[in-house]
Amino acid sequence: MRRPLDLPLLRREVNNRRITAVRRRGKYLLLDTEPAGSLLVHLGMSGRMLLAEAHTPRLPHTHLVLRLESGPELRLVDPRRFGFAQWLNPGDEATDPSLSTLGMEPLAPDTKNELPPLLHARKSPIKTLLLDQRLVAGVGNIYAVESLWRAGIRPSRQGARIAMTRLDRLVREVQEVLCEAIEQGGTTIRDFSAPGGNFGYFAVRLQAYGRAGAPCSRCATELREARIGGRSTPFCPQCQR
Ligand SMILES: [Zn+2]
C-alpha cells in the first residue's frame, strides 16, 4: 500500500481492543479504541472497508482483516493500493505528519466564517486552494470542481481576486455538495462503494465533473477542461467567471 502495512505491530496493538468511535478527519478515518489508541485508515483512490460475515470469501486485494468479537469481520480492500492503515498511540494524532498539518474541516461550524478570508488572502488559483489540505481538509477534486461550477467561479481565478461575497457563497456550495454526497453515500465514479458494499448514486447529479465537451446545464455553453495543479478541471467558460 502507499505506506507498507506493519502487520505484526497492528496485530499486537489492535488485538483485544474495543472500537468505541469512528471519526473522519480530512480524508482519513480514525477508529478509536479502548484501551486508548486509534487505527488510522486512508482509503486512497479505491479503498473501502467492508463489514462481512467471516465465512464469506475475501475479495482480492483484502489487505487487512479485523475479526470482531460480535461475529463479522471488518475488511480493508484496496485494489489500487493508494491507501494505508497504521496504528496511532494516544497523542500521536497531534504529531503525526499526515494529521497535524490538516486545515479546517469543511463542515465545521466556524468554517463558513473562517475559510473565505483565508482564500481571499492567497494568490493561487481558487481550485488549487480548495484542494490544499493545509487550508481545508477533505475537499477532493470532484467536489472542488462541482462547488466552483455551482458558485459560478472560474477555477483558475486567484483567491485574492474574488470578492468576499462570492467566496462566502463558494464555501456554502462546498458544504452543500459535501453534505449531498454524504447523504447519497459517496460518489460513483469508478469503484467506490459505501461500507456496506452498496454503491453511491451521487454521480447522476454531477454537473461539471466528467462533463467536459457537454453543454452546461445552466447556460448550454460547451464545458471546457483546464488542467490546474495537474488535475482535470472542467468548467463553463460562460457562467464561471
Ligand atoms: Zn454555463
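This structure is a prediction, so every number in the text was calculated from the model and none was measured. (Residues numbered from 1 in each chain as written. Predicted model: local features only at pLDDT ≥ 70, side-chain atom pairs only at ≥ 80, totals over all residues. Heavy atoms only, no water.)

1. Quick look at helix H4 (residues 111-120)
For H4, the complete set of buried residues consists of Thr111, Leu115, Pro116 and Leu119. Mapping the buried residues of H4 onto a view down its axis gives an arc of 110 degrees, with all of them on the same face. Where the residues of H4 are buried, they touch helix H5 (126-131) and helix H7 (164-184). (Buried < 20%, exposed > 50% of the residue type's maximum accessible area, 1.4 Å probe, protein only. Helix = DSSP H or I, 4+ residues; strand = E, 2+ residues; numbered from the N terminus. Arc of directions from axis to C-beta. Contact = heavy atoms within 4.5 Å.)

2. Topic: the coordination of the zinc ion
Coordination of the zinc ion by the protein involves Cys216 (SG), Cys219 (SG), Cys236 (SG) and Cys239 (SG), with metal-donor separations of 2.2 to 2.3 Å. Coordination geometry of the zinc ion: the four donor atoms subtend angles of 98 to 123 degrees at the metal centre, consistent with an arrangement described as tetrahedral. On the accessibility criterion, cysteine 236 (0% relative accessible area) is buried. (Donors = N, O, S within 2.8 Å, 3.2 Å for Na, K, Ca; no water. Tetrahedral: all angles 85-135°; square planar, octahedral: opposite > 155°, others 65-115°.)

3. Here's the deal with the sheet that holds strand E3 (residues 37-42)
The antiparallel open sheet is built from four strands, whose spatial order is E1-E2-E3-E7. In this open sheet, the two edge strands, each paired with only one partner strand, are strand E1 (18-25) and strand E7 (84-88). On average, adjacent strands in this sheet sit at an angle of 20 degrees to one another, irrespective of strand direction. As paired elements, E1 and strand E2 (residues 28-34) share seven bridges and run antiparallel to each other. Considered in E2, the bridge of arginine 24 is made with leucine 29. (Pairing = 2+ DSSP bridges. Axes fitted to C-alpha atoms, helices over the stretch in contact; angles between N-to-C directions.)

4. Some details on the sheet that holds strand E5 (residues 62-67)
Strands sit in the order E4-E6-E5 across an open sheet of three strands; the sheet is antiparallel. Two strands lie at the open edges of the sheet, namely strand E4 (48-52) and E5, each paired on one side alone. Here the strands of the sheet are splayed against their neighbours by 20 degrees on average, with no regard to which way each runs. Pairing of E4 with strand E6 (residues 73-77) involves five bridges; the strand directions are antiparallel.

5. Overview of the packing of aromatic side chains
Both the distance between ring centres and the angle between the ring planes are used here to describe each pair of aromatic rings. Summed over the entire model, instances satisfying the criterion amount to one aromatic pair. Between the aromatic rings of tyrosine 28 and phenylalanine 84, the centroid separation amounts to 6.2 Å while the plane-to-plane angle is 55 degrees, which identifies the pairing as tilted. A residue pair is termed long-range when its members are at least 10 positions apart, and tyrosine 28 in strand E2 and phenylalanine 84 in strand E7 qualify at 56 residues. Side by side, tyrosine 28 and phenylalanine 84 carry an identical accessibility label, which is buried. Taking the ring centre of tryptophan 149 as reference, the NZ or CZ of arginine 218 above it sits at 3.9 Å. (Phe/Tyr/Trp six-rings, centres within 6.5 Å; stacked < 30°, edge-to-face > 60°. Lys NZ or Arg CZ within 6 Å of the ring centre and 35° of its normal.)

6. Section: the environment of lysine 27
By the element assignment, lysine 27 lies in the loop between E1 and E2. Counting along the chain gives 122 residues from lysine 27 to tryptophan 149, while the straight-line C-alpha distance between them is 22 Å. Setting aside chain neighbours within four positions, we find lysine 27 in contact with Val41, His42, Gln133, Gly138, Val139 and Gly140.

7. Brief notes about unusual backbone geometry
Between glutamate 34 and proline 35 the backbone carries a cis peptide bond, its omega angle lying at -5 degrees. By the secondary structure assignment, proline 35 is in the loop between E2 and E3. Positioned with a positive phi, alanine 220 is a non-glycine residue whose angle comes to about 70 degrees. Looking at the secondary structure, you find alanine 220 in the loop between H7 and strand E8 (224-228). Alanine 220 sits in the exposed class, given a relative accessible area of 56%.

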